[in-house]
Amino acid sequence: MRRIDLTMEQVLFKYYGLTNVSLKAMAGYISLNYQIKSDQGTYVLKIYEYTEKEHAEILAETTLIQQVLHLDEQSISSPIQNNLGEVATIVSTSEGKKIYRLISFVEGTFLAEVTHTPTLFKSLGAFMAQVDLSLLDFRSIGIESRRLEWDLQNIHLIRPLVGKIKDANQRKLIEYFFIQWDLNVSPKLSGLRQSIIHNDGNDWNLLVHDDHVTGIIDFGDAVYTALINEIAITITYALFGKENPLEWSSHIIKGFHNVYPLQKDELDMLYYLVAGRLMTTVCKSALEKTLQPDNDYLTISEAPA
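Q: I'd like a rundown of the overall build of the protein chain, residues and numbers included.
A: For the protein chain, the count of helices and strands is eight helices and ten strands. Its C-alpha atoms give the protein chain a radius of gyration of 20 Å, near enough to 19 Å, the size a compact globule of 305 residues would have. Expressed as lengths along the three principal axes of its C-alpha atoms, the size of the protein chain is roughly 60 × 40 × 35 Å. Within the protein chain, the fraction of its 305 residues that count as buried is 50%.

Q: Describe the pattern of salt bridges, and please don't skip the residues or the numbers.
A: Applying the stated criterion across every chain yields a total of ten salt bridges. Linking Glu61 and Arg101 is a salt bridge whose minimum nitrogen-to-oxygen distance equals 3.0 Å. You can see Glu61 sitting in helix α2 (residues 52-68) and its partner Arg101 sitting in strand β5 (residues 96-104), a full 40 residues away along the chain. In this structure, Asp200 engages Arg277 in a salt bridge whose closest nitrogen and oxygen atoms are separated by 3.3 Å. With a gap of 77 residues between them, Asp200 in the loop between β7 (194-197) and β8 (206-209) and Arg277 in helix α8 (residues 264-291) connect regions that are remote in the sequence. Here Asp200 matches Arg277 in class, with each residue buried. Within the structure, one salt-bridge network assembled from shared partners comprises Lys53, Glu57, Glu61, Arg101 and Arg146.

Q: Give me the lowdown on the sheet that holds β5, citing residues and values where you can.
A: Sheet strands associate in pairs through backbone hydrogen bonding, adopting either a parallel or an antiparallel arrangement. Pairing within the open sheet is antiparallel, and its five strands lie in the order β1-β2-β3-β5-β4. Each having just a single partner strand, β1 (22-26) and β4 (89-93) make up the two edges of the open sheet. Here the average twist between neighbouring strands, direction ignored, is 30°. When β1 meets strand β2 (residues 32-38), the two strands line up antiparallel, connected through five bridges. Residue pairing for β2: Met26 is matched across the bridge by Asn33.

Q: Report on the pairing of β2, specifying residues and quantitative values.
A: Across the seven residues of β2, five count as buried, placing the element largely inside the fold. Between β1 and β2, which pair antiparallel and follow one another directly, the connecting turn spans five residues. Taken together, the seven bridges between β2 and strand β3 (residues 41-49) define a ladder with antiparallel strand orientation. Residue Lys37 lies in a different strand from β3, and its bridge partner there is Thr42. In this structure, the hairpin formed by β2 and β3 is closed by a connection of two residues.

Q: Kindly report on helix α6 (residues 228-238), identifying the contributing residues and their values.
A: Within α6, eleven of the eleven residues are buried, which leaves the element mostly enclosed by the surrounding structure. Those residues of α6 not exposed but buried are Ile228, Asn229, Glu230, Ile231, Ala232, Ile233, Thr234, Ile235, Thr236, Tyr237 and Ala238.

Q: Let's hear about the environment of Ser145: which residues, and what values?
A: Mapped onto the fold, Ser145 is located in the loop between α4 (141-144) and α5 (168-184). Among the polar contacts listed, one links the side chain of Ser145 to the backbone oxygen of Ile141, at a separation of 2.9 Å.

Q: Explain the environment of Leu124 to me, using residue names and the numbers behind them.
A: Checked against the element boundaries, Leu124 lands in helix α3 (residues 118-134). In this structure Leu124 comes out as buried when scored by relative accessible area, which is 1%. For the pair Leu124 and Gly215, spaced 91 residues apart in the sequence, the C-alpha separation amounts to 9.9 Å. The contact partners of Leu124, leaving out residues within four places of it in the chain, are Leu111, Leu206, Val213, Thr234, Ala238 and Ile252.

Q: Got a sec to walk through helix α1 (residues 8-16)? Specific residues and values, please.
A: For α1, the full list of buried residues reads Val11, Leu12, Tyr15 and Tyr16. Axial view of α1: buried residues confined to an arc of 95°, hence all on one face. Packing partners of the buried residues in α1 comprise β2, β3, β4 and β5. Looking one or two residues past α1, Gly17 carries a phi angle of roughly 70°, positive in sign.

Q: Explain the packing of aromatic side chains to me, and be specific about the residues and the numbers.
A: How two aromatic rings sit relative to each other is set out by the distance from centre to centre and by the angle between their planes. All told, the structure shown has six aromatic pairs when counted by the stated rule. When the centroid spacing of 5.0 Å and the interplanar angle of 65° are considered together, the rings of Phe121 and Trp248 count as edge-to-face. Separated by 127 residues along the polypeptide, Phe121 in helix α3 and Trp248 in helix α7 (residues 245-259) bring together distant segments of the chain. Trp248 shares its class with Phe121; the two are buried. Look at Tyr271 and Tyr272: their rings are 5.2 Å apart centre to centre, the planes differ by 85°, and that puts the pair in the edge-to-face class.

Analysis parameters
Residues numbered from 1 in each chain as written. Predicted model: local features only at pLDDT ≥ 70, side-chain atom pairs only at ≥ 80, totals over all residues. Heavy atoms only, no water. Helix = DSSP H or I, 4+ residues; strand = E, 2+ residues; numbered from the N terminus. Rg over C-alpha atoms; globule rule 2.2 N^0.38 Å. Buried < 20%, exposed > 50% of the residue type's maximum accessible area, 1.4 Å probe, protein only. Salt bridge = Lys/Arg side-chain N within 4 Å of Asp/Glu carboxyl O. Pairing = 2+ DSSP bridges. Axes fitted to C-alpha atoms, helices over the stretch in contact; angles between N-to-C directions. Polar contact = N/O pair within 3.5 Å; in protein donor to acceptor, adjacent residues only side chain to side chain. Contact = heavy atoms within 4.5 Å. Arc of directions from axis to C-beta. Phe/Tyr/Trp six-rings, centres within 6.5 Å; stacked < 30°, edge-to-face > 60°.

Coordinates in, geometry out; function isn't part of it.
This is the structure in structure tokens:
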């Protein structure tokens, strides 16, 4: 018998009871993403290719999110259960199994869209520290088993991509910082404090209101790694386009340190960790331009990096 696939609207009605649905495509990296407007409210729908690993990671990520919801439930993108009490709906189609995941839509203005001030950056550091304090004692096999290229402790996975960079001067700069990484980071990184962190505090994942960071979305890159990587990554994106990067970064560091005190050996390595995130961004963008040359979202950070 020929399989009759359900439309996205039919899936949303069957499993979530959503009616009068409209869909708007959103940018995405691993999943297909849509903003959903319905009689019941506004949500985000994420659709993944089904694998047991992907399903397990989604369940682990859900448990992680529950750890930080106390910060402000209205400001954390959190999963919506289907009518079976599940946070990941597996749907069989003629193209194979898909995972449908509905999450809350967080209202607000992204950090990338507002004027940056020292007060805002101190708030940014403090907010990320609060997230990490919430995860201090959290453990998850599903998160800890991840081996992501975007985890700074796995930067060796990025090294083969240097050859994808067409500009010779850019290649030399990246190669120089890989040498610096080998000398200054690799021997010490595993000895620093380790924790599960959000791992992607970029300016399109953080929400702002009245010169303060109030919310965060997308825990899809969460990993178990060096704690200091969190602030390194946050600083990296916040500094895009800044003429005085050290001054601006100091506000973020102070905000974080006031909530979650940093240690000297962590701060000593911060400079190279920021460079590491920039190296990852440039190398990954060079690869993606060869694989998906028309997808601007995948290279959005390349120029400022």
